[in-house]
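# Structural overview for review
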Amino acid sequence: MQLTQSVLFAVCLAGFTGASKRCRAISAASVYQANAETSLDKLMTWYREDTGMWDTYGFARWWQSANILTTLIDMAQYGSPKAQEVADDVIPHTFAVAGSWNLENRGKREPEEAFVNEYYDDEAWWAIAWIKAFDATDNATYLRAAEDIFADLARGWGTNCSTGGEWWDKPHTQLNTISNTLFIEVGARLANRVQDRKVYYTDWAVRAWDWFREESGMYLPDQHLAAGGIDLQSCRPHEDPHSNTYSNGALIAGLVALSVATGQTEYLDEAHRVAGAVTTTMVKDGVLQEPHIIQSHPGESAPQFKGVFMRALTDLQVHSPRQEYKAFAQKTADSIWMNDRKDGALGPDYNGPFYEPPNASPHSSAMDAIVAAWRASQ
Ligand SMILES: *[C@@H]1O[C@H](CO)[C@@H](O)[C@H](O)[C@H]1NC(C)=O
Ligand SMILES: *[C@@H]1O[C@H](CO)[C@@H](O)[C@H](O)[C@H]1NC(C)=O
């Protein structure tokens, strides 16, 4: 039934005139939901009970699993009964088992360190997952876990090159975009949930965004893109700064949350400008594509990036819908389904072809695009 619908939908998309009547009878939303749910079955084949994480490229991956959990929770929150059922089991299991795994494997002792490691961006991905778990369950344990993580992130603020800034790692080897845009996002999301510390978290998020925009050297104001990093010897931005989809995704999600926290629309306006920049420059044939990588050899991190952007675009779409985002999400999701799929696995290049090996990281990231198309079509 699901397969028949999606085949028919593909026929409809290809524009065969004779199919138009039946096409109208098919709701786009129900097809995207079915495709997302089929893909969720595949995703769970990579979930490991003993680590509470998803295997990607052969073993349990820490920050990728935080993102995959976020994909699952979003899907449940947007109304998938199947995702809800899976999330009900996975949220507490991953919280307990992945947290213990981290404490054991990284020599941590305190329970507040269950999702703390040497990389501030890794920590922030888990903070976002636990904030969303709190939204989905109303269980304050998860919100507390996110606050514990933020307390550690706040200790990573302030570098020797500037008046502010969030380090990428604890040994202070890099100062780059992702840890900074994530810091804004986590702070702003907490501001909207922790009533008695709203001012504290809002202040952090505003301070981090003001610094990022005006002083960091990692925001291109004319292009409205987060880009590059800082050379720690010269304290100047790297030449020819590269931009990517996930740093800008985290920035958009942060700006949306900041507009909610402050009631000021300027943050939403800027989020739209960033979204406009990504959806027009990081594309191929109108479909989202990660820049600055070889598509057939994307490495082990980049395949996770694009889904982060698609989730943020959905955040923006929920708060301030635009027809062009819906069209963009649908076009990207349709291309994934038609050109970038093999034996149920979704790959890293949304224009296709499918690149081996099938695994949870690119698969979950592509699911974010399908979930985005589903949510926008509802
Ligand atoms: C809240 O979540 C924690 C962590 O998963 C769990 O131990 C606890 O039982 C949950 N509380 C309720 C009321 O479900
Ligand atoms: C800043 O700190 C980093 C890491 O500790 C160090 O490598 C770098 O040389 C310092 N830069 C300056 C300009 O002091």
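Just so you know, these numbers come straight off a predicted model, no measurement behind them. Residue positions are given per chain, counted from 1 along the sequence in the order it is written. A letter from A marks each chain and a number from 1 marks each ligand, given out in the order of writing. Predicted model: local features are reported for residues with pLDDT of at least 70 only, side-chain atom pairs are reported and counted for 80 or more only, and whole-chain, interface and lining totals are derived from all residues. Computation of side-chain values covers all heavy atoms of the structure but excludes hydrogens and water.

### Digging into the nonpolar core
Here is the rule: Residue types Ala, Val, Leu, Ile, Met, Phe, Trp, Tyr and Cys, when buried and joined through side-chain atoms within 4.5 Å, form a set referred to as a nonpolar core. With a 1.4 Å probe rolled over the protein chains alone, any residue whose accessible area is under 20% of its type maximum counts as buried; one over 50% counts as exposed, and the rest are partly exposed. Numbering goes from the N terminus for both helices and strands, where a helix is a DSSP run of H or I of at least four residues and a strand is a run of E of at least two. By definition, residues are in contact when any of their heavy atoms lie within 4.5 Å.
In terms of nonpolar packing, the biggest core is built from 121 residues, with L69, W126 and W130 touching the most fellow members. Take this core: its biggest share by element is eleven residues, from helix α6 (residues 120-137). Apart from the residues within four sequence positions on either side, W126 is in contact with W62, S65, A66, L69, T94, A98, F115 and I149.

### Section: a negative patch on the surface
Quick note on the threshold: A residue counts toward a patch only above 30% relative accessible area and without a salt bridge, and it is joined to like-charged neighbours within 9 Å or, for Val, Leu, Ile, Met, Phe, Trp and Tyr, to nonpolar neighbours within 5 Å. To measure how exposed things are, a 1.4 Å probe is used in the Shrake-Rupley method; for residues, cover is taken only from the protein chains shown. Any carboxyl oxygen of Asp or Glu within 4 Å of a side-chain nitrogen of Lys or Arg constitutes a salt bridge here. In this charge count, Lys and Arg are treated as positive and Asp and Glu as negative; neither His nor the chain ends contribute. A charged residue contributes its charge at one atom only: NZ of Lys, CZ of Arg, CG of Asp or CD of Glu.
Judged by side-chain charge, E49, E85, D88 and D89 come together as a negatively charged surface patch. In this structure, E49 sits in the loop between β1 (47-48) and β2 (53-56).

### Observations concerning the site of ligand 2
Worth spelling out the cut-off: Residues are labelled near a given molecule or strand when at least one of their non-hydrogen atoms is within 4 Å of it. Under this definition, polar contacts are N or O atom pairs within 3.5 Å; protein pairs additionally need one hydrogen-donor-capable and one acceptor-capable atom, and for neighbouring residues in sequence, both atoms have to be side-chain atoms. Each residue gets one label: Ala, Val, Leu, Ile, Met, Phe, Trp, Tyr, Cys and Pro are nonpolar, Asp, Glu, Lys and Arg are charged, and the others, such as Gly, are polar.
Taken together, the residues surrounding ligand 2 are N160, H172, L232, Q233 and C235. Taking L232, its main chain carries an N or O atom lying 2.8 Å from a nitrogen atom of ligand 2. Coverage of ligand 2 by the protein chains reaches 54% of its 360 Å² of free accessible surface. Residues of the shell around ligand 2, tallied by class, amount to two nonpolar, three polar and no charged.

### Looking at α6
Using the following cut-off: Between the first and last residue of a helix there are one fewer steps than residues, each counted as 1.5 Å, and that sum is the expected span.
Taking 1.5 Å of rise per residue, 18 residues should cover 26 Å, and α6 covers 26 Å from first to last C-alpha, within 8% of that figure. Counting buried positions along α6 gives 15 out of 18 residues, so the element sits mostly inside the fold. One or two positions beyond α6, positive phi appears at D138, with a value near 65°.

### Remarks on the sheet that holds strand β8 (residues 236-237)
Keep this limit in mind: Two strands are counted as paired when DSSP detects at least two bridges linking them.
If you walk across this open sheet you meet the three strands as β4-β7-β8, and the pairing is antiparallel. In this open sheet, the two edge strands, each paired with only one partner strand, are β4 (175-176) and β8. Here β4 pairs with strand β7 (residues 229-231) via two bridges, running antiparallel. Its bridge partner lying in β7, L175 is registered against I230.

### With respect to the state of the cysteines
Note the threshold: By definition, disulfides here are pairs of cysteine sulfur atoms that lie within 2.5 Å.
One pass over the structure, following the stated rule, counts one disulfide. In this model C161 forms its disulfide with C235; the gap between the sulfur atoms is 2.0 Å. A torsion of -75° about the S-S bond marks the disulfide between C161 and C235 as left-handed. With C161 in the loop between α7 (140-154) and β4 and C235 in the loop between β7 and β8, this pair connects stretches of sequence that are 74 residues apart. Under the relative-accessibility criterion, C235 is labelled partly exposed at 32%.

### Regarding the sheet that holds strand β3 (residues 59-60)
Reading across the sheet, the three strands line up as β1-β2-β3 and stay open at both edges, with antiparallel pairing between neighbours. The open sheet has two edge strands, β1 and β3, and neither has a second partner. Sheet topology note: the β2/β3 ladder contains two bridges and is antiparallel. Paired with T56 across the strands is F59, a residue of β3.

### What about the site of ligand 1?
Within the structure, ligand 1 sits among P92, F95, N139, T141 and Y142. N139 is positioned such that a nitrogen or oxygen atom in its side chain is 2.3 Å from an oxygen atom of ligand 1. With respect to ligand 1, the side chain of Y142 contributes an N or O atom lying 2.6 Å from an oxygen atom. When isolated, ligand 1 has an accessible area of 360 Å², and the protein chains bury 38% of it. Elements represented by at least two residues in the shell around ligand 1 include exactly α5 (81-105) and α7.

### A word on unusual backbone geometry
Backbone phi values are negative for most residues with the exception of glycine, while trans is the configuration of most peptide bonds. A cis amide bond links G352 with the next residue in sequence, P353, at an omega value of 0°. With an omega dihedral of -5°, the bond running from E356 to P357 counts as a cis peptide bond. Within the secondary structure, P357 sits in the loop between β12 (345-346) and α14 (360-377). With a phi close to 60°, H172 is a non-glycine residue in the positive phi region. Relative to the assigned elements, H172 resides in the loop between α7 and β4. When its relative accessible area of 38% is taken as the criterion, H172 is described as partly exposed. Even without being a glycine, D285 presents a positive backbone phi close to 50°.

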